[in-house]
Amino acid sequence: QVQLVESGGGLVQAGGSLRLSCAASGSTFSIVAMGWYRQAPGKQRELVARILSGGSTNYADSVKGRFTISRDNAKNTVYLQMNSLKPEDTAVYYCNAARGRSGNVWGQGTQVTVSS
């Protein structure tokens, strides 16, 4: 089993920054990729950024150049640094751990609200 605990959401003005953290525990050896997804009211959950076990990263076009995903392997923690935030970034952000054939694990979600 893998457990994910997220932190770092909150309310920020447009143009501001936030950093989200996701700490994984349990059978972390099974994780092949970790990522951040978000879901705004009335919209589908979408990928924001992902980091693979080899270190490569993927970003949604809407956040490229503004968000950075990184990880601390010693702490089994993934971070999402969000800069130049926009009101359209407002959503619940979910951490995800992909475990190949063992399936995905989701965090509880953390609210990010960007005021204009």
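Preceding this paragraph is the structure being described.
Residues numbered from 1 in each chain as written. Predicted model: local features only at pLDDT ≥ 70, side-chain atom pairs only at ≥ 80, totals over all residues. Heavy atoms only, no water.

### Section: the overall build of the protein chain
In step 1: The secondary structure content of the protein chain amounts to 0 helices and 11 strands.
In step 2: Counting from the amino terminus, helix and strand elements in the protein chain follow one another as β-β-β-β-β-β-β-β-β-β-β.
In step 3: Relative to its length of 116 residues, the protein chain is compact, with a C-alpha radius of gyration of 13 Å against a globular reference of 13 Å.
In step 4: For the protein chain, the spread of C-alpha atoms along the three principal axes comes to 40 × 25 × 20 Å.
In step 5: At a minimum sequence separation of 6, the contacts of the protein chain that also span at least 24 residues come to 52%. (Helix = DSSP H or I, 4+ residues; strand = E, 2+ residues; numbered from the N terminus. Rg over C-alpha atoms; globule rule 2.2 N^0.38 Å. Contact = heavy atoms within 4.5 Å.)

### Description of the environment of Ala91
In step 1: Position of Ala91 relative to the elements: it lies in strand β9 (residues 91–98).
In step 2: Take Ala91: its relative accessible area is 2%, and that puts it in the buried class.
In step 3: Ala91 has contacts with Arg38, Gln39, Ala40, Thr110, Gln111 and Val112, leaving out every residue within four places of it along the chain. (Buried < 20%, exposed > 50% of the residue type's maximum accessible area, 1.4 Å probe, protein only.)

### What to know about the nonpolar core
In step 1: One finds Leu4, Met34, Trp36, Leu80, Met82 and Tyr93 to be the most contacted residues of the largest nonpolar core, which totals 29 residues.
In step 2: Elements represented by at least two residues in this core include exactly β1 (2–7), β3 (18–26), β4 (33–39), β5 (46–52), β7 (67–72), β8 (77–82), β9 and β11 (110–115).
In step 3: Discounting chain neighbours no more than four positions away, the residues touching Met82 are Gly16, Ser17, Leu18, Leu20, Arg66, Phe67, Tyr93 and Val112. (Core = buried A, V, L, I, M, F, W, Y, C linked by side-chain atoms within 4.5 Å.)

### A short note on the pattern of salt bridges
In step 1: Here the structure, examined in full by the defined rule, presents 4 salt bridges.
In step 2: With its nearest N and O atoms 3.1 Å apart, the salt bridge here joins Lys64 to Asp61.
In step 3: Classification of Asp61 as exposed rests on a relative accessible area of 66%.
In step 4: The shortest N-O distance in the salt bridge between Arg66 and Asp89 comes to 2.8 Å. (Salt bridge = Lys/Arg side-chain N within 4 Å of Asp/Glu carboxyl O.)

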